[in-house]
Amino acid sequence: DQITEAERKREEWLKSRLGKFTSSELGRLMTYEDDIRVLPKGALTYIEEKALEIMTDGESVKQFSNESMERGNEKELEAIAAFEQKYGLKCYATGEDQEFIQLCSYFGGTPDGLIDIDDMAEVKCPNSKTHLFRINNIRTQEDFKKHEKSYYWQIQGNLLSSGRKRCFFIDYDDRFVNPELQLFVIEIHRNETDIEKAKIRLSMAEKVKQQFLNNW
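A short tour of the structure in this document, coming up. Given the structure is predicted, the values throughout are model-derived calculations rather than measurements.

## Side note on the pairing of strand β3 (residues 101–104)
Right, on to step 1. Here 3 bridges tie β3 to strand β4 (residues 107–109), and the two strands are oriented antiparallel to one another. Looking at β4, one finds that Cys104 is bridged to Phe107.
Right, on to step 2. The turn linking β3 back onto β4 is made up of 2 residues.

Here it is in structure tokens:
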């Protein structure tokens, strides 16, 4: 069977991430950050999943999808276009052209888009209730970390892997009748203190993963 170019690119993308910790799930390593040199239970579960990916050559990877995720994928480029128009910035490496940026042998991330040399974009197209919550409750980077911890760490992970300094978090929902409410954007800056914490947890996680693999 012939596969499409998009399917081929996705297969390559999945293969490039195999067994590696990724920005999209960095939050699973970053709970209980006050005790940074102890790996929480959830982190150990994630580490085991990554080891199993290597042991099964990717057959253990769960391909999860739901209606909300599918809508998000469909609307992502539309969201970027709305952002570009409003902010006068140009994104590249978007959609099917996204690339997994590998920082080291065991960690990397896939930004939703790159801007100039120091910026990037992360796009979410959530349900309308979530979109409105973000508009009403997120004003600062601290608010974002409090309410969107998983996405906060995803962004810091992508800033780490790409070496960039700033991310535009783009939240889009074109179901709102008022066009002013359709696009919500907040800038998230590289936080060196949190990135150092992430490096510690990632290093610990890789050691545990290797121990797990060596035992089998």
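## Description of the pairing of strand β7 (residues 166–172)
Right, on to step 1. In terms of burial, β7 is a largely internal element, 6 of the 7 residues being buried.
Right, on to step 2. As paired strands, strand β6 (residues 119–124) and β7 are joined by 6 bridges and run parallel to one another. Residue Glu122 lies in a different strand from β7, and its bridge partner there is Phe169.

## Quick notes on the state of the cysteines
Right, on to step 1. Counted according to the given criterion, the structure contains 0 disulfides.
Right, on to step 2. Cys167 provides the cysteine sulfur closest to Cys91, a residue in no disulfide bond, and the two sulfurs are 9.7 Å apart.
Right, on to step 3. For Cys91, a relative accessible area of 7% puts it in the buried group.
Right, on to step 4. In this structure Cys167 comes out as buried when scored by relative accessible area, which is 0%.

## Structural notes on the sheet that holds strand β1 (residues 21–22)
Right, on to step 1. The sheet built from 3 strands is open, its strands ordered β1-β4-β3 with mixed pairing. In this open sheet, the two strands that pair with only one neighbour each are β1 and β3.
Right, on to step 2. With 2 bridges connecting them, β1 and β4 associate as parallel partners. Its bridge partner lying in β4, Thr22 is registered against Gly108.
Right, on to step 3. In the packing of helix α6 (residues 149–162) onto the sheet, contacts are made with β3 and β4, and the angle to β4 comes to roughly 105°.

## Some points on the sheet that holds strand β2 (residues 91–92)
Right, on to step 1. Taken in spatial order, the 5 strands of this open sheet run β2-β5-β6-β7-β8, and their pairing is mixed. Whereas interior strands pair on both sides, the edge strands pair on one side only; in this sheet they are β2 and β8 (183–189).
Right, on to step 2. Where α6 meets the sheet, its contacts fall on β6, β7 and β8, and the angle it forms with β6 comes to roughly 150°.

## Details of the pattern of salt bridges
Any two side chains of opposite charge can pair, given that their charged atoms come close.
Right, on to step 1. Evaluated as defined, the whole model comprises 19 salt bridges.
Right, on to step 2. Residue Glu78 pairs with Lys75 through a salt bridge whose shortest N-O separation is 3.4 Å. Placement of both Glu78 and Lys75 in helix α3 (residues 67–87) is noted, with a separation of 3 residues, approximately one turn of the helix.
Right, on to step 3. The exposure class assigned to Glu78 is partly exposed, which follows from its relative accessible area of 33%.
Right, on to step 4. The class of Lys75 is buried, set by a relative accessible area of 18%.

About the cut-offs
- Residues numbered from 1 in each chain as written.
- Predicted model: local features only at pLDDT ≥ 70, side-chain atom pairs only at ≥ 80, totals over all residues.
- Heavy atoms only, no water.
- Pairing = 2+ DSSP bridges.
- Helix = DSSP H or I, 4+ residues; strand = E, 2+ residues; numbered from the N terminus.
- Buried < 20%, exposed > 50% of the residue type's maximum accessible area, 1.4 Å probe, protein only.
- Disulfide = S-S within 2.5 Å.
- Contact = heavy atoms within 4.5 Å.
- Axes fitted to C-alpha atoms, helices over the stretch in contact; angles between N-to-C directions.
- Salt bridge = Lys/Arg side-chain N within 4 Å of Asp/Glu carboxyl O.

Everything listed here is a matter of coordinates, which is why it stays silent on function.
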